Amino acid sequence: MLGGVIVAISRAVESILQILTIFLILISPSYIDGQCAPGRLFALGAKTSKWGPVGIVQSKLGENPDGILGVNTQNAILRFQAAEKLEATGNLDAPTWKALTHLDSPTVKERARELTFRLEGTDFDDWEWNFPFESRDRSGATWGPDGLTILDNEIQAVFGKLNATTPSLLSQSFAELYPVVQELKGKKGAEAKQYLRANVYEVPSARDAWVKAIKSLAKDARVRKAYTDFSQANFAGKMKTFNEAYPVRTELDYAFYWDLAVHTSGLTARRKTEIDAALRAPRPTTPDEQRAVICEIFENTPGNKSQQQSRRERDAVYVNGNGRVHGDLVDATAYGLGNCPYHWRSD
């Protein structure tokens, strides 16, 4: 009987904490200042992939599809809104998106991905050789908006997926280097790095041809889909671990966890122990406070100083709502993301 009473009390306390948490979210400055304005998707200052939502809209408006929602694109949106008798917000909001594209609005997940794309600073047609910076980056090479690497076998996996479904894409784009791609798919980790370095990076003509091949591949929607599908599956485990330990309560929570999944090794046992200890203070904590604690643990994890600094810059966006990354101010609200209540259940 005593056990049943204890269980009932525990459930009651949990319910009270959930109610208090929702109350704290609703009265938080982030909620009140308009971050949760319904229908806002992207605003001035947002940058998406050239093939992302802003790029799509720019193409529809006759603008250069560079993915940057700057003053010129904002003015083009205003002209379109006036012509269509839509509210003149200058933002890429839901009614404007629907009128321009006839597509469903980008979801929280999709906007979170675009924010991480902004923080990574690379698009589908970007390939980076990291061999010159081996002391601080052992990845060998990175590709695309989620920074997939050779060392972690991620790039090989995408190549393998493409080769299994549309092999002509790889053979046509890489041409004489296609045999190298075929060999690379079967190699992992340090062996793959060494093979790519010897057969491509250290041969100037091959190195240039490889980058041109990537730029050619990126233009094909099937390649971008294969890349995105792999990333979603690849980082799903990390996302699930975060969500099970510290459930997503707001849009920014989801966006934050996605960025951690892409940029870090995830929630290790050591990190979880340290976060749990730091969160033993009186509850409930606001989403901002919880993210700040998690940020501090990740930022202070022993390791590469350059990586730690990069993490600090990115974390400011998720704790303060904005921060300077790569020298530019990045604002989460420009992606329509804030402390709006958001429930996410991992697949």
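Here, the structure is the one placed above.
Residues numbered from 1 in each chain as written. Predicted model: local features only at pLDDT ≥ 70, side-chain atom pairs only at ≥ 80, totals over all residues. Heavy atoms only, no water.

Trainee: I'm lost on the sheet that holds strand 3 (residues 127–129) in this one. Help?
Mentor: The strands that make up a sheet are held in pairs by hydrogen bonds between backbone atoms, and each pair lies either parallel or antiparallel. Taken together, 3 strands build an open sheet; the order of strands is 3-4-5 and the sheet is antiparallel. The sheet is open, and its two borders are formed by strand 3 and strand 5 (148–149), each paired with just one other strand. With 2 bridges connecting them, strand 4 (residues 141–143) and strand 5 associate as antiparallel partners. Across the sheet, tryptophan 143 pairs through a bridge with leucine 148, a residue of strand 5. (Pairing = 2+ DSSP bridges. Helix = DSSP H or I, 4+ residues; strand = E, 2+ residues; numbered from the N terminus.)

Trainee: Would you take a moment to explain unusual backbone geometry for this structure?
Mentor: For residues other than glycine, phi is negative in most cases, and the peptide bonds are mostly trans. Of note, the phi angle at lysine 85 is positive, near 60°, even though the residue is not glycine. On the secondary structure map, lysine 85 appears in the loop between helix 4 (71–83) and strand 2 (92–93). With a phi angle near 50°, alanine 175 is a residue other than glycine that sits in the positive phi range. Locating alanine 175 in the fold gives a position in the loop between helix 8 (167–174) and helix 9 (178–185). Residue classification places alanine 175 among the partly exposed positions, given a relative accessible area of 46%. (Buried < 20%, exposed > 50% of the residue type's maximum accessible area, 1.4 Å probe, protein only.)

Trainee: Just checking my understanding: could you explain the packing of helix 15 (residues 269–278) against helix 16 (residues 287–299) for this structure?
Mentor: The packing of two helices is summarised by the inter-axis angle and the distance between the axes. Axis separation between helix 15 and helix 16 bottoms out at 10 Å; the angle between their running directions is 140°. Considered as vectors, helix 15 and helix 16 are oriented oblique to each other. The two elements helix 15 and helix 16 cross, and the hand of that crossing is right-handed. Contact with helix 15, carried on its side by Arg271, Glu274, Ile275 and Ala278, involves Val293, Ile294, Ile297 and Phe298 of helix 16 and no other residues of that element. Looking at the contact of helix 15 with helix 16 residue by residue, the classes come out as 6 nonpolar, no polar and 2 charged. (Axes fitted to C-alpha atoms, helices over the stretch in contact; angles between N-to-C directions. Parallel < 35°, antiparallel > 145°, perpendicular 65-115°, else oblique. Left-handed = near helix turned anticlockwise from the far one by under 90°. Contact = heavy atoms within 4.5 Å. Nonpolar A, V, L, I, M, F, W, Y, C, P; charged D, E, K, R; others polar.)

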